[in-house]
Amino acid sequence: MTDEKPNNKIQKLLIEASNLQKKGRLKELKQVLQKIIAVDPTYFPAFFNLARLFEMSKKFEEAIKFYKKTLEINPNHLESILNLINCYEDINELDKALKISEDSCKLHPNKYEVHYVLGRLTRKKRGIKNLDKAYDAYKKTLSINNNFKFAQFGLAQIYKSKGNFSEAKKTFQEIIDSDGNEIKAYYEITDFLDDKEIKKNIKNLEILEKNNKQKYKNKIYLYFTMGKMFEKINNYSKAIYYYNLGNKLKRKHIDYSINYDEKRFNALKKTIDKFGTNKKKNIGHKSSRPIFIVGMPRSGTTLIEQIVSSHSKVFGGGELLLFTDVFQKELNLKKNKDFLEILKNLTEKNFFDLGKKYVDEIEKISKENMYLTNKLPKNFINIGLIKLSLPNARIIHCERNPLDTCFSCYKTFFTQGNHYCYSLEELGSFYILYKKQMNYYKKVFNQQILNIKYEDVVADTEKETKKILNYLELGFEENCLEFYKNKRNIRTASLVQARKPIFKSSINSWLNYKDFLKPLTNKLNI
């Protein structure tokens, strides 16, 4: 319970509330807090604690209402401000969260917490200007509290995203030096280490591995980090040992079944059957600005976006969640809640509204360029909805050797989603479903989708680049072949590779593990 000097009339109720909280009797606690408010409507700690209860129950709209009431009574209450920001973020109202965050920096200029939150939220927005704002906010945070590791971490990730690998390495190393248990920093720094440094870090991680008090999330990071490190020094048997440990532990904490993915695909097919393929483009918003780069994760989408966004008329948006976010927000959906039911009730007007909203959102990121890319790979699922909402949108589908694709997924600890990636058998099952979906979309949308094979891009980059630019009705520019010089922000698992010229070592890389991948090869019948 957050307290302040109580009115004598509510002293008894406060004692009761405190006891109920200690016992975890939250329903009764809520009732007592409401009694306190009835006795003294200006006693802001009661409003604050009620808001916290709603937030803990994930009733974010109710929590927002009570945090606002708290701030009406006490506008300077820092914890209410920070929690209100978090609630708006939880319901995907990022612009509102940012506005409050910016105001809080003016209200509390010497509080490092508000500057850190501003940096974290601004970094979630796309575009180089927002990245620079996030950088400034993290710097301000550290000027107030130079040991705040979350700001240090955010700063290091910005360096990494912008291709400043020397500063990224230096900052991650400083985090490790100040806290040797910060396993995520080991994971991030691995890309920049030479063999000697890797062997030294492996020894440190082997000590941490013996610590049975590690939280399971740290253990997962540790296993994936050791897998990456052993792979870099070509010790593939050790690498797969740790990759397996990491995936097994991650899978243990995931609630996933491919049944939902299959039902969703069938529901999307019915939607297309109902409205048609929109060949006459008489449904949806007519903007031709959006480009969607789709495919399985780790199939080359980052490389293709880096090439395309090196053109003067294309802005690289990165992995925008905007299409599905807009779809759910516009139709008042909670994430995945009643999604299949909503598909049954869509109207032609819905598609226009969704398309317009999507275009409005991307124009907040960039208005200058002719095109703006969205390279969230899993948008392959949404191709039908995209073509109904945005009939003039361009869709580039990236394909790669199935075993290279799947095993690369298996080696990656994704920050969110992609829950099918943590089991070789489930990866194989999902890949088969993905191929089924894409074969369907290719059949119904035909030449509206451009298919690009990763191996072809590696073999003849110029030829495939010209094919992509021709599809986009853009003239050839040499910058597209020097994509690795593009200084845009990249925030995907492939960001380090995308800063380098094309290399062939990633082709057939699965062969280093061929003796360990029977569950996958059997599932794919390869």
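Look a little higher up for the structure.
Residues numbered from 1 in each chain as written. Predicted model: local features only at pLDDT ≥ 70, side-chain atom pairs only at ≥ 80, totals over all residues. Heavy atoms only, no water.

## Some thoughts on the side chain of Ser366
Following the sequence through the fold, Ser366 ends up in the loop between α19 (348–362) and β3 (371–374). A relative accessible area of 2% means that Ser366 is categorised as buried. Ignoring any residue separated from it by four or fewer positions in sequence, one finds Ser366 in contact with Arg289, Phe315 and Leu372. (Helix = DSSP H or I, 4+ residues; strand = E, 2+ residues; numbered from the N terminus. Buried < 20%, exposed > 50% of the residue type's maximum accessible area, 1.4 Å probe, protein only. Contact = heavy atoms within 4.5 Å.)

## Quick notes on the pattern of salt bridges
When the charged atoms of two side chains lie near each other, side chains of opposite charge can form a pair. On inspection of all chains with the given rule, the structure shows 27 salt bridges. A salt bridge links Glu72 to Lys69, with the shortest nitrogen-to-oxygen separation between them at 3.6 Å. Of the two residues, Glu72 and Lys69 both sit in helix α4 (residues 60–73), three residues apart, roughly one turn of that helix. Lys69 gets classed as partly exposed once you look at its relative accessible area, which sits at 32%. Taking the shortest distance from any N to any O, the salt bridge between Lys364 and Asp95 comes out at 3.1 Å. Placement of Lys364 in the loop between α19 and β3 and of Asp95 in helix α6 (residues 94–107) is noted, with a sequence separation of 269 residues between them. Judged by relative accessible area, which is 38%, Asp95 ranks as partly exposed. Through salt bridges with shared partners, a single ionic network connects Asp95, Lys357, Glu361 and Lys364. (Salt bridge = Lys/Arg side-chain N within 4 Å of Asp/Glu carboxyl O.)

## So, the nonpolar core
Most often, soluble globular proteins have nonpolar side chains that are buried together. Of all hydrophobic cores here, the largest spans 143 residues; its most connected members are Phe172, Phe292, Ile383, Leu385 and Tyr441. Among all residues touching Ile383, those that are not within four sequence positions of it are Val294, Ile395, Met438, Tyr441, Phe445 and Ile449. Ranked by size, the runner-up nonpolar core spans 22 residues in total, among them Ile291, Tyr454, Val458 and Ile468. (Core = buried A, V, L, I, M, F, W, Y, C linked by side-chain atoms within 4.5 Å.)

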